[in-house]
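Observations on the three-dimensional arrangement
Given next are the chains, with one letter for each unit.
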Amino acid sequence: MGFKFAHQGMVLVLVAASMVGVSLANKEWGSYPHNHTTSPKRVIVGGSENWHFGVNYTNWSLKNAPFYLNDTLVFKYDPPSNTTFPHSVYLLPNLKSFLNCDLRRAKVIANPTQGSGDGFEFVLKKRKPYYLACGERNGFHCKVGLMKFAVVPMRHWRH
């Protein structure tokens, strides 16, 4: 019991440290500016892979970081049919819920039909962690399909 608690605590610390590191990745430490624009980006979640089962979206978010305030995340996925599994987008309330894919207190921000066509758009309006996941099959897509990621948008640095 003690080992499991210690292990979960260490995982929480490592994830939190990683998120802080990613959120600070664009801070200007010297005279070379890392961010050349102040206009918001429109980012398709998963790039050409879109939002589907089996893509590691945590890795995707780390590779596409940093994200900035007012950037728009676009979730594109096929509508439910006889040949596709439905997907959705949930906003999880905290890191523990995110790590465990616990959807009990999560908020549905896009249902299975909202990702078709141009996709569902979610604007990063506040400087806080956003924990996003697919909530289909009671968290199975989140847990096994790796359909989850976290972002902490940053302010644009002006010169």
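Figured I'd write up the structure that's included with this text.

Tallying secondary structure elements over the protein chain gives four helices and seven strands in all. The order of helices and strands in the protein chain, counted from the N terminus, is α-β-α-β-β-α-β-β-β-α-β. The buried share among the 159 residues of the protein chain stands at 38%. For the protein chain, the share of sequence-separated contacts (at least 6 apart) that also reach a separation of at least 24 residues comes to 73%. Roughly 9500 Å² of accessible area belongs to the protein chain as shown, and the carbon and sulfur atoms make up 57% of that amount.

So, about the nonpolar core. Among the nonpolar cores identified, the biggest contains 23 residues, and Val 45, Trp 51, Leu 73, Phe 75, Val 89, Leu 132 and Phe 149 are the most heavily contacted of them. Elements that contribute at least two residues to this core include exactly α2 (57–64), β2 (72–75), β3 (89–92), β4 (107–110), β5 (120–123), β6 (130–133) and β7 (148–151). With near-sequence residues (within four places) excluded, Val 89 lies in contact with Trp 51, Phe 75, Tyr 77, Lys 107, Val 108, Ile 109, Ala 110, Leu 132 and Ala 133.

Once that is clear, we can look at the sheet that holds β5. Here we have three strands laid out as an open sheet, ordered β1-β2-β5, and mixed in their pairing. At either margin of the open sheet sits one strand with a lone partner, and together these are β1 (42–44) and β5. Across the sheet, the axes of successive neighbouring strands diverge by a mean angle of 25°, strand direction being ignored.

For Ser 88, the location among the structural elements is in the loop between β2 and β3. Judged by its relative accessible area of 1%, Ser 88 is buried. Within the structure, Ser 88 has its side chain in polar contact with the backbone nitrogen of Gly 135 (distance 3.2 Å).

In this structure the tally under the stated criterion is two salt bridges. Here Arg 42 makes a salt bridge to Glu 121, at a shortest N to O gap of 3.0 Å. With Arg 42 in strand β1 and Glu 121 in strand β5, the pair connects residues that are 79 residues apart, well separated along the chain. Exposure remark for Arg 42: the relative accessible area of 48% places this residue in the partly exposed category. Its relative accessible area of 43% is what places Glu 121 among the partly exposed residues.

This part takes up the sheet that holds β4. With respect to topology, four strands assemble into an open sheet ordered β4-β3-β6-β7, the strand pairing being antiparallel. Because the sheet does not close on itself, it has two edges, and the strands there are β4 and β7. In this sheet, adjacent strand axes meet at a mean angle of 30° when their direction is disregarded. Across three bridges, the pairing between β3 and β4 is antiparallel. Within β4, the residue paired with Val 89 across the bridge is Ala 110.

What follows deals with the pairing of β6. Because side chains alternate across β6, one face comprises the buried residues Tyr 130 and Leu 132, and the other comprises Tyr 131 and Ala 133, equally buried. The sheet contact formed by β3 and β6 spans three bridges and is antiparallel. Bridge assignment links Tyr 90 to a residue of β6, and that residue is Ala 133. Sheet topology note: the β6/β7 ladder contains four bridges and is antiparallel. For Ala 133, the partnering residue across the bridge sits in β7 and is Lys 148.

Cut-offs and rules
- Residues numbered from 1 in each chain as written.
- Predicted model: local features only at pLDDT ≥ 70, side-chain atom pairs only at ≥ 80, totals over all residues.
- Heavy atoms only, no water.
- Helix = DSSP H or I, 4+ residues; strand = E, 2+ residues; numbered from the N terminus.
- Buried < 20%, exposed > 50% of the residue type's maximum accessible area, 1.4 Å probe, protein only.
- Contact = heavy atoms within 4.5 Å.
- Areas by Shrake-Rupley, 256 points an atom, 1.4 Å probe, with all protein chains shown as cover.
- Core = buried A, V, L, I, M, F, W, Y, C linked by side-chain atoms within 4.5 Å.
- Pairing = 2+ DSSP bridges.
- Axes fitted to C-alpha atoms, helices over the stretch in contact; angles between N-to-C directions.
- Polar contact = N/O pair within 3.5 Å; in protein donor to acceptor, adjacent residues only side chain to side chain.
- Salt bridge = Lys/Arg side-chain N within 4 Å of Asp/Glu carboxyl O.

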